[in-house]
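# Examination of the molecular architecture
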Amino acid sequence: MIKFKRADEIARMRRSGQLVARVLEEIRVKAEPGITTGELNAIAEEMTLQAGAVPVFRNYPHPHRGKPFPGAICASVNEEVVHGIPGHRKLQAGDIISIDFGVILNGYAGDAAITIAVGDVAPEVLKLLKVTEEALMKGINAARVGSRIGAVSYAVQQHVESHGFSVVRDYVGHGIGKAMHEDPPVPNYGREGQGPRIKAGMALAIEPMVNLGGFEVYTAADDWTVRTADGKPSAHFEHSIAVRDSGPEILTLL
Ligand code: MG
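Only a predicted model underlies this, so the values are computations on that prediction, with no experimental measurement involved. (Residues numbered from 1 in each chain as written. Predicted model: local features only at pLDDT ≥ 70, side-chain atom pairs only at ≥ 80, totals over all residues. Heavy atoms only, no water.)

### Here's the deal with the coordination of the magnesium ion
What counts, and what does not: The rule for donors is simple: N, O or S, within 2.8 Å of the metal, or within 3.2 Å if the metal is Na, K or Ca. Water isn't counted, so a site may look like it is missing partners. The way it works is that DSSP assigns letters per residue, a run of H or I at least four long becomes a helix, a run of E at least two long becomes a strand, and they are numbered from the N terminus. Throughout, exposure labels follow a simple rule: accessible area from a 1.4 Å probe, protein chains only, divided by the maximum for the residue type, with under 20% read as buried, over 50% as exposed, and the rest as partly exposed.
Taken together, the protein donors to the magnesium ion comprise Asp111 (OD), His174 (NE2), Glu207 (OE) and Glu238 (OE), at separations of 2.1 to 2.3 Å. Each donor residue of the magnesium ion lies on one chain, and together they are spaced D-x62-H-x32-E-x30-E. Taken together, the residues span a long stretch of sequence, with Glu207 in the loop between β9 (203-206) and β10 (209-211) and Glu238 in the loop between β13 (234-236) and β14 (239-244) at a distance of 31 residues. Glu238 carries the same exposure label as Glu207, and that label is buried.

So this is what it looks like as structure tokens:
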């Protein structure tokens, strides 16, 4: 069931979103060669607790069996798509790292992701990052009253595939509010006429995951980390937005 947000709820979500944006910006600055993904996790954890918020990915239940997620951030390097577990891995020049991060502050969730280039990165990989972020913005721009969720999906997929990259099918965006994951699902592929009608008060996390090679992915032996099947790099950008009569408002933009 889709939960539509009142103006005061959107105002609270804006504050959650701002915290997420500040944490991601701090991580973006600190993601230099030599730092570990665990150290980036500690930065997120500390900023979140200082703000009186809860890092909502920590202890997130595993969808099937498996242990709860052990980090505050998902840190996914190179061919890792999403849900990478932060730890001892040191970033190296030429890596890309996708950071997905969410909080609950004053009862409302914020959720966003960025992919960061560490040092000098191959031109085709930089292009992957650029196209993925552009696809996110095109998806957001399609989230307008009267359209369907499929308009978002279609806009993302069109942009990605026009550049020869592929959209991950197995993981999708979602509604967001008091819970990090609410209805409706927001796929990054599909047709404009599909899915529920978009109305004012919808809050959505739109999050294309885009692969340089094929769209197939698999889950690693740690039960969480998702990798591309062909070992080629993957990028991930996400914003939480609120749909208003005047258009989409990005809640997780600094
Ligand atoms: Mg999300």
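### As for the packing of helix α3 (residues 123-141) against helix α4 (residues 149-162)
Applied cut-off: Angles shown run from 0 to 180 degrees and are taken between the N-to-C directions of axes, each axis being a line fitted to C-alpha atoms and, for helices, limited to the stretch in contact. When an angle is under 35 degrees it counts as roughly parallel; over 145 it counts as roughly antiparallel; between 65 and 115 it counts as roughly perpendicular; any other value is oblique. Here a crossing is taken to be left-handed if its near helix is turned anticlockwise relative to the far helix by less than a right angle, and right-handed if that turn runs clockwise. Two residues qualify as a contact provided that any one of their heavy atoms is within 4.5 Å of a heavy atom in the partner residue. Amino acids outside the nonpolar list (Ala, Val, Leu, Ile, Met, Phe, Trp, Tyr, Cys, Pro) and the charged list (Asp, Glu, Lys, Arg) are all regarded as polar, and Gly is one of them.
Remark: α3 packs on α4, axes separated minimally by 8 Å, with the N-to-C direction vectors making an angle of 155°. Looking at the two axes, α3 sits roughly antiparallel to α4. For the crossing formed where α3 meets α4, the hand is right-handed. Contact with α3, carried on its side by Val131, Glu134, Ala135, Lys138 and Gly139, involves Val152, Ala155, Val156, His159 and Val160 of α4 and no other residues of that element. A breakdown of the residues in the contact of α3 with α4 according to their chemical character gives 6 nonpolar, 2 polar and 2 charged.

### Notes on the pairing of β14
Note the threshold: By the convention used here, strands pair only if DSSP detects at least 2 bridges between them.
Along β14, 5 of the 6 residues are buried, which leaves the element largely enclosed by surrounding structure. Bridging between β9 and β14 involves 4 bridges; their strand directions are antiparallel. The residue bridging Ala203 from the neighbouring strand is Ala242, located in β14.

### Some points on the sheet that holds β13
Taken together, 3 strands build an open sheet; the order of strands is β6-β10-β13 and the sheet is antiparallel. Each edge of the open sheet carries a strand with a single partner, namely β6 (166-167) and β13. Sheet topology note: the β10/β13 ladder contains 3 bridges and is antiparallel. Considered in β13, the bridge of Val210 is made with Ala235.

### Re unusual backbone geometry
Here the bond from Asp183 into Pro184 is cis, since omega is 0°, no more than 30 degrees from zero. Within the secondary structure, Pro184 is located in strand β8 (residues 182-186). With phi around 55°, Asn78 is a residue other than glycine that occupies positive phi space. Inspection of the secondary structure assignment puts Asn78 in the loop between β2 (73-77) and β3 (80-82). Exposure remark for Asn78: the relative accessible area of 19% places this residue in the buried category.

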